[in-house]
Amino acid sequence: STAPTLRGLDWVSRASQNLRVRAMGNAIPGAPRSTTRKVSQEGGMSLDQLTTMTTRKFRYGHRLSHLFKPSKLWEITTAVFFGTAVGQYSFLSIIALVLLIIGTIVWALASGGTADYDTSLDHSIWLSYTTFIDTGTQTGVSADQSEKVKFIVVVLSGLGFIFNLTFLSVVVDNVRTLLDRLYTRYSQLFARKHVVILGWTNKTLFLVDELISMFIETGGKGDIIIMGNSISRYEMLRTVELTFRRRNPPKPRGVRIRVWEGDSAEEDDLTRLSINTARFVVCLSEAEDPRMADAQVLETLLSLLSLDADDQVTGTVIAELRTSDGQNVVNELDHTSDEDVLGVQSAHAVHKVIAFNALRPGVGEALIELISFEGNNFFFENVDTTLIGMTFGELQHHFPLCVLCGVHSSKAKGAMSTEVLIAPSALRKVQPGDRLLLIAMDRRAIEDAGAEGKSTGCLPFNERAVVASGSSPAAKNTGRRDSVQAATAVRVRDIKQQPWLRQTVLIIGWRSAREMADLVRVLSKMLLPGSEIHFLSAVDESVREAALREEMGFITALTDLAGGVSSVSIVHHTGSPLASGAIELLPLRIAAVAIVIADPGSLTLVEDKDLYVKGAARLRDARVFHITTLLRKAAPLMRIVPMYEDILTYRLLRRKDVFIESGTGVNAVLHRNSLETGLIAMQADDPTLVFVFSQIISLESGSKEHKIFSIPFDKAWLEAGQYTEGESWPELSFYDVADAMFNEHGHVLVGYLDASAVDCVLNPENKARPRTWLPTDELLLMRGHGDSKGTRGGSGGGFSLFSAT
């Protein structure tokens, strides 16, 4: 291999000497030797340039010489014949030609011919071709032919059959590839008035479930299109079918769930969903980190807003956001763009629901029911012409199957556009254009209730109480009533004399720093001064403290809103929540409630941590259930609020009450994804309802008086002036108690928490039926508006002790 190289170098050396000699002849006499390397006066090249040029030419020629090596030629030939479609067809054609030639030669030399085909060249070629192409040609050979002829025909026919199968399979595969390319390029889902969900996350199936409930409730139909790129289209479709195959109630036939694999940030993928005719578009994020999630949602929004004029979204765009900064950006996009872009901070609202469920169980259960489309919900009803001019107090019993909560006015005095008044003054008159805010099971209940309310009258409170009981209140005295009366008197005295104690809340587990900081901020606004929040997590204590301080100004957030001083203490404990020994580190004996969250720090294997990031919701739910079980054994009487995420876990726990009620304690099961998607579906149904819900759970007021609150029945009855010591207790209907609350304080009674069954009853069906009230029953009330006045002249401020319940 070195011989060509040595010969080449020798050639270069001789060429260099010749050039040097010629250059010396053109040199200037008397000039230095170095001038011979410069360009001549006639414009020639110097010796160095000529040497370099010839060396490069040699190297290039030497570089091309390896292409003619047998090994390289074979590599190129195989690449052409086997690596390209034209080469494959050429290779198969060569094989067919070879087989035809072999068949012709064999027939001409070895068969001896038949009566139809002799051994001539023409007959041999034709027999070889027909037998090779059409396997049925062999059936034309009679049975009395020689064995040699039969053997040759069978072999030629078999080889042709195998070749034809191979050739046709290649053709079919290429055609299939071409059709796949055309499908990928031109495929599109055609639909109108449909719902588009962008993003396959742990919330997607919950959102689909809420949308199905919305379609069932409204009697509508349409398509629900889901687009994601985290898993294949087949996996998405399979998951949807397995999830909703046994749904109760079943999915209506007019509602179709369709899936599409694509990127929500790509304009081409968005236009394939008929997004310009969609009723509304929901943007979800697959990221766990709140900031990254908002960045993904904003990327999707920008892609939607940058579509061509013919493909622009005509419906409402709903974006799920995690941070207030993301909400501000979406609000700015809504102001500057022609599309309706609405942002929903569902995670922040869910944290408030968690806090209410942990510290105010009755209110929390009512909020959960109001979020979901299953059970009672908020509805807006346009005012009928017959109701114009009537006061809010006169309409309290106009809808027997509903609870009237407020008025949405589009012509409110002093308001820029619209105003929603929750529990307004009893003297507030209904005006044209107003909408009534109601709590009802469905819209049919509102229509039936309106028709019934037009034909029935309402008795005053005192008369209705007598009619409902069938006798005077004093006639209902029983031994049980006397015991209830005695217990109530003692309880009222204890309430008046005993100061409120601090509360201890346990948070077991850890999520992202932003979410935990937001949850702590919400709890700090609801807890009494001197309360404590204890964290238990496998995440290092210093990491948690630094994360909380960095996210939201931790020390500033934990301040008393009235006094401006720190009111809540944070205590960190380090340990795996899956171990009973770590749980014993917590103050279980004095704790009022424990909130259980899946802890990524408890995952010891790297693979498990990757699964957490990818969204293994079912695995996290198993850990939450494990922690809840250990906690229930360690603290049987404590209220536990576990947070689940997976939709299959959600359905399992709904069917199996044994997982909810264990021993003497109660597990207030919450499904985070279900609550968040419920708010998104509410935004899609009527954005004003989300505004109403946000006002109800608002904690931004300057006091602890929340818009929705609960109070024990005995204390409410005492403060309302309906009970004095020594007086007997009548059996009261829901209307009786509601009238007393509204007439005295302007508060609207929406339901109650039955202490005997530990069950929240929202919007009771038979409100006129008397029931036996226990002193420990809790009334669920909407606080009266600032200018509310009861019919007895009471102010909307209401109960003096309500802020502490």
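Each value, and the rule that gives it
Residues numbered from 1 in each chain as written. Predicted model: local features only at pLDDT ≥ 70, side-chain atom pairs only at ≥ 80, totals over all residues. Heavy atoms only, no water. Helix = DSSP H or I, 4+ residues; strand = E, 2+ residues; numbered from the N terminus. Buried < 20%, exposed > 50% of the residue type's maximum accessible area, 1.4 Å probe, protein only. Contact = heavy atoms within 4.5 Å. Areas by Shrake-Rupley, 256 points an atom, 1.4 Å probe, with all protein chains shown as cover. Patch = residues over 30% accessible without salt bridge, like charges linked within 9 Å, V, L, I, M, F, W, Y side chains within 5 Å. Salt bridge = Lys/Arg side-chain N within 4 Å of Asp/Glu carboxyl O. Lys, Arg positive; Asp, Glu negative; His and termini not counted. Charge placed at Lys NZ, Arg CZ, Asp CG, Glu CD. Pairing = 2+ DSSP bridges. Axes fitted to C-alpha atoms, helices over the stretch in contact; angles between N-to-C directions. Phe/Tyr/Trp six-rings, centres within 6.5 Å; stacked < 30°, edge-to-face > 60°. Parallel < 35°, antiparallel > 145°, perpendicular 65-115°, else oblique. Left-handed = near helix turned anticlockwise from the far one by under 90°. Nonpolar A, V, L, I, M, F, W, Y, C, P; charged D, E, K, R; others polar. Polar contact = N/O pair within 3.5 Å; in protein donor to acceptor, adjacent residues only side chain to side chain. Core = buried A, V, L, I, M, F, W, Y, C linked by side-chain atoms within 4.5 Å. Expected span 1.5 Å × (residues − 1). Right-handed = clockwise from strand over helix to strand, strands pointing away.

Concerning the overall build of the protein chain
Each helix and strand in the protein chain was counted, giving 27 helices and 22 strands. Burial analysis of the protein chain (805 residues in total) assigns 48% to the buried set. Long-range contacts, defined here as pairs at least 24 residues apart, represent 77% of the contacts in the protein chain between residues at least 6 apart. Carbon together with sulfur atoms contributes 56% to the accessible area of the protein chain, which is approximately 39500 Å² in total.

Some details on a negative patch on the surface
Among the surface-exposed residues, E266, E267, E299, D308 and D310 lie close enough to one another that they form a single negatively charged patch. Summarising the element assignment, E266 is placed in the loop between β3 (255-261) and α9 (267-271). Owing to a relative accessible area of 44%, E266 belongs among the partly exposed residues under this scheme.

Brief notes about the sheet that holds strand β22 (residues 778-782)
Across the sheet, which stays open at both edges, the 4 strands sit in the order β19-β22-β20-β21 with antiparallel pairing between neighbours. Each end of this open sheet is capped by a strand with a single partner; those strands are β19 (708-712) and β21 (759-762). Averaged over all adjacent pairs, the angle separating strand axes in this sheet is 25 degrees, with direction ignored. Of the pairings in the sheet, the one linking strand β20 (residues 748-754) to β21 comprises 4 bridges and is antiparallel in character. Residue D754 lies in a different strand from β21, and its bridge partner there is D759. Its contacts with the sheet place helix α13 (residues 361-371) against β19, β20, β21 and β22, and it is angled at close to 55 degrees to β21.

Some points on the packing of aromatic side chains
For the structure on display, the rule yields 10 aromatic pairs. When the ring of Y89 is compared with that of F167, the centres are 5.9 Å apart and the planes differ by 70 degrees; the resulting orientation is edge-to-face. With a gap of 78 residues between them, Y89 in helix α4 (residues 85-111) and F167 in helix α6 (residues 147-186) connect regions that are remote in the sequence. Judged by relative accessible area, F167 falls into the partly exposed class, the value being 28%. On the numbers, 6.1 Å between centres and 20 degrees between planes, the contact of F163 with F167 is stacked.

Quick word on the packing of helix α5 (residues 121-133) against α6
Between α5 and α6, whose axes approach to 7 Å, the crossing angle comes to 50 degrees. The orientation of α5 relative to α6 falls into the category oblique. You can see that α5 and α6 cross each other, and the crossing is right-handed. For the pair α5 and α6, contact is made by T131, F132 and I133 and by V153, L156, S157, L159, G160, F161, F163 and N164, respectively. For the contact of α5 with α6, the class distribution of residues is 7 nonpolar, 4 polar and no charged.

Quick word on unusual backbone geometry
One non-glycine residue, K193, lies in positive phi territory at about 55 degrees. Structurally, K193 can be placed in the loop between α6 and β1 (195-198). Overall, the relative accessible area of 57% leaves K193 in the exposed class. Positive phi is not limited to glycine here, since S274 has a value of about 50 degrees.

A look at a nonpolar patch on the surface
On the surface, V175, L178, L179, L182 and Y186 cluster together into a nonpolar patch covering about 480 Å² of accessible area. Structurally, V175 is set in helix α6. Taking the relative accessible area as the measure of exposure, V175 reaches 41% and is therefore partly exposed.

Section: the side chain of T104
Considering the arrangement of structural elements, one finds T104 in helix α4. Among the polar contacts listed, one links the side chain of T104 to the backbone oxygen of L100, at a separation of 2.8 Å.

Quick notes on the environment of R620
The residue R620 is located in helix α22 (residues 617-634) in this model. Within the local environment of R620, its side chain forms a polar contact with the side chain of E645, the two groups lying 2.5 Å apart.

Focus on the sheet that holds β1
Pairing is parallel in the open sheet, where 6 strands are placed in the order β3-β2-β1-β4-β5-β6. At either end of the open sheet lies a strand with only one pairing partner, and these are β3 and β6 (340-344). The mean angle between the axes of side-by-side strands here comes to 20 degrees, regardless of whether they run parallel or antiparallel. In this structure, strand β5 (residues 316-320) lies alongside β6, joined through 5 bridges in parallel fashion. Bridge pairing in β6 places A319 opposite G343.

Brief notes about the pattern of salt bridges
Side-chain pairs of opposite charge can arise where the charged atoms are in close proximity. As enumerated under the stated definition, the model contains 23 salt bridges in all. Between R258 and D223 there is a salt bridge, with its nearest N and O atoms 3.0 Å apart. Note that R258 is positioned in strand β3 and D223 in strand β2 (residues 222-228), a separation of 35 residues in sequence. Like D223, R258 is buried. A salt bridge links D777 to R771, with the shortest nitrogen-to-oxygen separation between them at 3.3 Å. The class for D777 is buried, based on a relative accessible area of 0%. Overall, R771 belongs to the buried group, its relative accessible area being 18%. Connected through salt bridges with shared partners, the residues K203, E320, R322, R511, E515, R620, E645, R672 and E676 form a single ionic network.

Here we look at the packing of helix α12 (residues 346-359) against α13
At their nearest, the axes of α12 and α13 sit 5 Å apart, and the two run at 140 degrees to each other. Taken together, the axes of α12 and α13 lie oblique to each other. Every pair of crossing elements has a handedness; the one defined by α12 and α13 is left-handed. In this structure, α12 uses V353, F356, N357 and L359 to contact α13, whose residues at the interface are P361, V363, G364, E365, L367, I368 and I371.

Regarding the nonpolar core
Among the nonpolar cores identified, the biggest contains 111 residues, and F378, L436, L523 and F693 are the most heavily contacted of them. Setting aside chain neighbours within four positions, we find F693 in contact with V353, L367, L370, I371, F378, L679 and M682. Counting residues in hydrophobic clusters, the runner-up holds 25 residues, among them L273, V281, L298 and A319.

Considering helix α24 (residues 672-685)
Given a rise of 1.5 Å per residue, 14 residues ought to cover 20 Å, and the 20 Å separating the end C-alpha atoms of α24 matches this to within 8%. Along α24, 13 of the 14 residues are buried, which leaves the element largely enclosed by surrounding structure.

Quick notes on the pairing of strand β11 (residues 504-508)
β11 sits mainly inside the fold: 5 of its 5 residues count as buried. On β11, burial covers both faces: T504, L506 and I508 on one face and V505 and I507 on the other are all buried. Bridge analysis of β11 against strand β12 (residues 531-537) gives 5 bridges, and the strand direction is parallel. Residue pairing across strands places I507 opposite F535, the latter belonging to β12. Note on the crossover from β11 through helix α17 (residues 513-526) to β12: the handedness is right-handed. Sheet topology note: the β11/strand β14 (residues 593-596) ladder contains 4 bridges and is parallel. Within β14, the position partnered with L506 by the bridge is A594.

Function-wise, these values are silent; they only describe arrangement.
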